[in-house]
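Chain by chain, the residues run as shown.
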Amino acid sequence: MDNNEALMQITSIELKAKEVFNTLRTGLFHSLLIVCIKQDGNVHYYDSNDKTSFQYDFSNIFAIADVLRAVSQGKFLVNTNPQIQESYEKAFAQSEFDSAIKKVVEQMDFYHEFSVFVSGDIIRTSENEKGYLVLKLNNKVYDDIYKLPVQNISGLRLYSSIVDSAVYTFFEEVSKAEDHDSDGFAVPQINQNLVIKTAGISFMYTPTANLRNGDGMFGLAEKINKIASLEYEKQQIKQGGIILTFKDNPIITYNIKFKKPVFLSNSKRIRKLLEITTKDMKLVSDGNVVFGLGVITTDFNSQKGDVYEIRFNKQYSWTLLHAAREVLEYYMETPSLPRNIISIESFDEQFFRIFGKTDDNKVKSNNLYNIIFNIIEEHCGTILVISENAIDESERLRGQSTLIEPMRLDPNNVKGIIKIDGATLINTDGICYAIGVILDGMAVQDKGDPSRGSRYNSSIRYYYSQQSKCKLMVVIISDDGDVNIMPELPPQISKKIIQDIIGTVKQKVEIVQKGGIIDTGDFNKLVSLVQELSMYFTKDECDLLNTSFAQLENNCEPKNACRIMYSNIIPNNDFDSKLYFKDE
């Protein structure tokens, strides 16, 4: 595999991996590697993260694999069928080699930045070479995802979360794409939604497998989706739930016990029985049949993984819970991770970038976060406008709001205020001046989202009408607890990164002007990096980059190499160096 082919391949896989994993949770994807191992033992790799400051040493990869193989318990498993035994030994050897690659990559993770997953040799390379895909997920995000305990069952891969399931589903789809496309361009055709749906189905094997129930192990997600879709006497499902456990679990007290269990696959009958469930009393099932209705009466050891709950939210919507923690949500047969309540660290960062980082503002941010958190807990959507100009704004909007005597909001009084329509107008101290505010503002081109409601879009119009007049934040909270904050700020980066890019572009232009040529692979990497960081460039820098790229692309070698097609870099109208760059 030459450098140009590797660049196109790793870029293609990276874009699809970002799409899949950042859909599951924003910021989950970290980076990936393609590790190529030749028959003569020579190892080289390609890293999607060009900005990494360290190098991986795969020179001892075979020795590491031999050590892992020597200490593994798997070597003691023997099958009397020679063909099965041969197949097992190949799989065992492959598993230890994957583990060796993982160990090499993890050794360079000094600050526990990422979790490592290795695919096996699925990447299409030359005949004398094997290619391994290494996926790295961001631990700041991955570690916050709730994981189920997993029981070891021979011959069956079980997953602690839908993310783990999605990793191996993604590997399978990449493998299929590599096998069926001689040009290596099938990866972009991988269907993100199909990967996530398949991952959800596979992950839902874990609860029933932990119950050691062979009959009900498979098809649980499909059964629950069918039940959630049904109406009973023209009424959509509004409540109810199922306790997943084994029949005689001592922590379950039965209120009603059926003489003959009802199959969970009998969706119409189960839907009818859900009508008699309550908040505490639920159907009791092992994933195959329903034994009756009961309640969980005592605490239990959550690490055993032998009690789960299915909570029906509304038609087509349900949630899997374990130890009172939401694990997985389904809506319209599509799984997702539970909503991610904004962390205090994330809110602090946004608040400081807008209003400044001071000891006083740290106290203010903490108080405001407590108010927002309590609003989320009420499951009542609202808008909170935090403005340095709150007093004047309340007077300006007095005709379309209810003015009140200045009052400091707290977690208790805010619960009543948010029950009326409209925004709540406060300053950074949490002093409220108006409630039920109808926000104004003109529509802004390319801003807004027609798939979102009036609460979100009116907030955008108001923010852009006021941003040049004063410092403000608009916090939009939906009924289900999702939080959006205007302005939607990108991560802060070092200004030196932008300066280095501009410097590199100027150097390459000088080379061309002196009659030299540019490597096509280097040009592709530069274009990709600029496009990824396009929002951080000023108008003058965008003009410089566009003019320079036009010069460079006509002076790249080799001419027949694949080259990234790019559009002109367009200035970001929201660019603000104070908000976008770190203080250094």
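Everything discussed here concerns the structure shown above.
Below you will find a few notes about this structure. (Residues numbered from 1 in each chain as written. Predicted model: local features only at pLDDT ≥ 70, side-chain atom pairs only at ≥ 80, totals over all residues. Heavy atoms only, no water.)

1. Side note on the overall build of the protein chain
Phase 1 of the analysis: The secondary structure content of the protein chain amounts to 18 helices and 20 strands.
Phase 2 of the analysis: In the protein chain, buried positions account for 49% of the 584 residues.
Phase 3 of the analysis: Across the protein chain, every contact between residues at least 6 apart in sequence was considered, and the portion connecting residues at least 24 apart equals 67%.
Phase 4 of the analysis: When the accessible area of the protein chain is evaluated, it comes to approximately 29,900 Å², of which 48% is carbon and sulfur surface. (Helix = DSSP H or I, 4+ residues; strand = E, 2+ residues; numbered from the N terminus. Buried < 20%, exposed > 50% of the residue type's maximum accessible area, 1.4 Å probe, protein only. Contact = heavy atoms within 4.5 Å. Areas by Shrake-Rupley, 256 points an atom, 1.4 Å probe, with all protein chains shown as cover.)

2. As for the packing of helix 10 (residues 344–355) against helix 11 (residues 359–377)
Phase 1 of the analysis: Where helix 10 contacts helix 11, the two axes come as close as 10 Å, and the packing angle between them is 130°. Accordingly, the angle class assigned to the pair helix 10 and helix 11 is oblique. Considering how the two elements wind past one another, helix 10 and helix 11 form a crossing that is right-handed. Between helix 10 and helix 11, the contacting residues are Ile344, Phe347, Asp348, Phe351, Phe352 and Phe355 on the first element and Asn361, Lys362, Lys364, Ser365, Asn366, Leu368, Tyr369 and Ile372 on the second.
Phase 2 of the analysis: Partitioning the contact of helix 10 with helix 11 into residue classes produces eight nonpolar, three polar and three charged. (Axes fitted to C-alpha atoms, helices over the stretch in contact; angles between N-to-C directions. Parallel < 35°, antiparallel > 145°, perpendicular 65-115°, else oblique. Left-handed = near helix turned anticlockwise from the far one by under 90°. Nonpolar A, V, L, I, M, F, W, Y, C, P; charged D, E, K, R; others polar.)

3. Details of the packing of aromatic side chains
Phase 1 of the analysis: Using the criterion set out here, one finds 21 aromatic pairs in the structure.
Phase 2 of the analysis: Taking 6.4 Å as the distance between ring centres and 85° as the angle between the ring planes, the aromatic pair formed by Phe117 and Tyr168 counts as edge-to-face. One end of the pair, Phe117, is in strand 3 (residues 114–123); the other, Tyr168, is in helix 5 (residues 162–180), and 51 residues separate them in sequence.
Phase 3 of the analysis: The structure contains a cluster of three or more aromatic residues connected by ring pairs, namely Phe347, Phe351, Phe352, Phe355, Tyr369 and Phe373. (Phe/Tyr/Trp six-rings, centres within 6.5 Å; stacked < 30°, edge-to-face > 60°.)

4. Focus on a nonpolar patch on the surface
Phase 1 of the analysis: A contiguous nonpolar surface patch, about 300 Å² in accessible area, is contributed by Tyr316, Tyr331 and Met332.
Phase 2 of the analysis: On the basis of relative accessibility, which here comes to 43%, the residue Met332 falls in the partly exposed class. (Patch = residues over 30% accessible without salt bridge, like charges linked within 9 Å, V, L, I, M, F, W, Y side chains within 5 Å. Salt bridge = Lys/Arg side-chain N within 4 Å of Asp/Glu carboxyl O.)

5. Description of the nonpolar core
Phase 1 of the analysis: Core analysis: the largest hydrophobic core is formed by 67 residues, its most contacted members being Phe21, Leu133, Phe170 and Phe312.
Phase 2 of the analysis: Sequence-distant contacts of Phe170, defined by excluding residues within four places in its chain, comprise Ile13, Lys16, Ala17, Val20, Phe21, Leu133 and Val195.
Phase 3 of the analysis: Of all hydrophobic cores here, the second largest spans 51 residues; its members include Leu489, Ile502, Leu579 and Tyr580. (Core = buried A, V, L, I, M, F, W, Y, C linked by side-chain atoms within 4.5 Å.)

6. Some thoughts on the sheet that holds strand 3
Phase 1 of the analysis: Judged by pairing direction, the sheet is antiparallel, and its four strands sit side by side in the order 2-1-4-3 without closing on themselves. Whereas interior strands pair on both sides, the edge strands pair on one side only; in this sheet they are strand 2 (43–47) and strand 3. Averaged over all pairs of adjacent strands, the angle between strand axes in this sheet comes to 20°, irrespective of strand direction. (Pairing = 2+ DSSP bridges.)

7. What to know about the pattern of salt bridges
Proximity of charged atoms lets side chains of opposite charge pair with each other.
Phase 1 of the analysis: For the structure on display, the rule yields 18 salt bridges.
Phase 2 of the analysis: Glu326 serves as the salt-bridge partner of Arg311, at 2.7 Å between the closest nitrogen and oxygen. Of this pair, Arg311 sits in strand 9 (residues 308–314) while Glu326 sits in strand 11 (residues 325–331), and the two are 15 residues apart along the sequence.
Phase 3 of the analysis: Notably, a salt bridge pairs Lys364 with Asp429, separated by 3.5 Å at the nearest N-O pair. Of the two residues, Lys364 is situated in helix 11 and Asp429 in the loop between strand 15 (423–426) and strand 16 (431–437); the sequence distance between them amounts to 65 residues.
Phase 4 of the analysis: Among the residues examined, Lys364 registers a relative accessible area of 16% and is labelled buried.
Phase 5 of the analysis: Given a relative accessible area of 34%, Asp429 falls into the partly exposed group.
Phase 6 of the analysis: Beyond isolated ion pairs, a larger network of salt bridges with shared partners links Asp360, Lys364 and Asp429.

8. Remarks on the environment of Lys197
Phase 1 of the analysis: The residue Lys197 is located in helix 6 (residues 192–203) in this model.
Phase 2 of the analysis: Exposure remark for Lys197: the relative accessible area of 32% places this residue in the partly exposed category.
Phase 3 of the analysis: It is 8.9 Å that separates the C-alpha atoms of Lys197 and Ala166, two residues lying 31 residues apart in sequence.
Phase 4 of the analysis: Apart from the residues within four sequence positions on either side, Lys197 is in contact with Tyr330, Glu333, Thr334 and Pro335.

9. Focus on the sheet that holds strand 9
Phase 1 of the analysis: Spatially, eight strands are ordered 6-8-7-5-9-10-11-12 in an open sheet, and the strand pairing comes out mixed. With partners counted over all chains shown, the strands left at the sheet margins are strand 6 (252–263) and strand 12 (334–336), one partner each. Taken over all neighbouring pairs, the strand axes of this sheet differ in orientation by 25° on average, direction set aside.
Phase 2 of the analysis: Note that strand 10 (residues 317–322) and strand 11 share six bridges and pair antiparallel. The residue of strand 11 that forms the bridge with His322 is Arg325.
Phase 3 of the analysis: Of the strands in this sheet, strand 10, strand 11 and strand 12 touch helix 6, which is tilted by about 130° from strand 11.

10. Quick look at the environment of Glu510
Phase 1 of the analysis: With respect to the helices and strands, the residue Glu510 is situated in helix 15 (residues 495–513).
Phase 2 of the analysis: Remark: the alpha-carbon pair of Glu510 and Ser548, spanning 38 residues in sequence, is separated by 10.0 Å.

11. Here's the deal with the side chain of Asn249
Phase 1 of the analysis: Mapped onto the elements of the fold, Asn249 is located in the loop between strand 5 (241–244) and strand 6.
Phase 2 of the analysis: At 2.8 Å, the side chain of Asn249 forms a polar contact with the side chain of Thr245.
Phase 3 of the analysis: Sequence-distant contacts of Asn249, defined by excluding residues within four places in its chain, comprise Asp306 and Val307. (Polar contact = N/O pair within 3.5 Å; in protein donor to acceptor, adjacent residues only side chain to side chain.)

12. Re empty space enclosed by the protein
Phase 1 of the analysis: Under the counting rule described, the total for this entry stands at one cavity of 30 Å³ or more.
Phase 2 of the analysis: A volume near 30 Å³ is recorded for the largest cavity.
Phase 3 of the analysis: Forming the walls of the largest cavity are Asn225, Ala228, Ser229, Tyr316 and Glu333.
Phase 4 of the analysis: Class assignment for the residues of the lining of the largest cavity results in two nonpolar, two polar and one charged. (1 Å grid on protein atoms, 1.4 Å probe; cavity = no way out; pocket = protein on both sides within 12 Å on 5 of 7 lines; lining within 4 Å. Points joined across faces, edges and corners; volume = space filled by probe spheres on them.)

13. Overview of helix 8 (residues 220–229)
Phase 1 of the analysis: Of all 10 residues making up helix 8, eight are buried, and the element is well covered by its neighbours.
Phase 2 of the analysis: Looking at helix 8, one finds that the buried residues are Leu220, Ala221, Lys223, Ile224, Asn225, Ile227, Ala228 and Ser229.

14. Remarks on the packing of helix 15 against helix 17 (residues 539–552)
Phase 1 of the analysis: For the pair helix 15 and helix 17, interaxial distance at closest approach is 10 Å and the crossing angle is 35°. Once helix 15 is placed against helix 17, the crossing between them reads as left-handed. Across from Ile498, Ile502, Val505, Lys506, Lys508, Val509, Val512 and Gln513 in helix 15, the residues of helix 17 making contact are Glu541, Leu544, Leu545, Ser548, Phe549, Gln551 and Leu552.
Phase 2 of the analysis: For the contact of helix 15 with helix 17, the per-class residue count stands at nine nonpolar, three polar and three charged.

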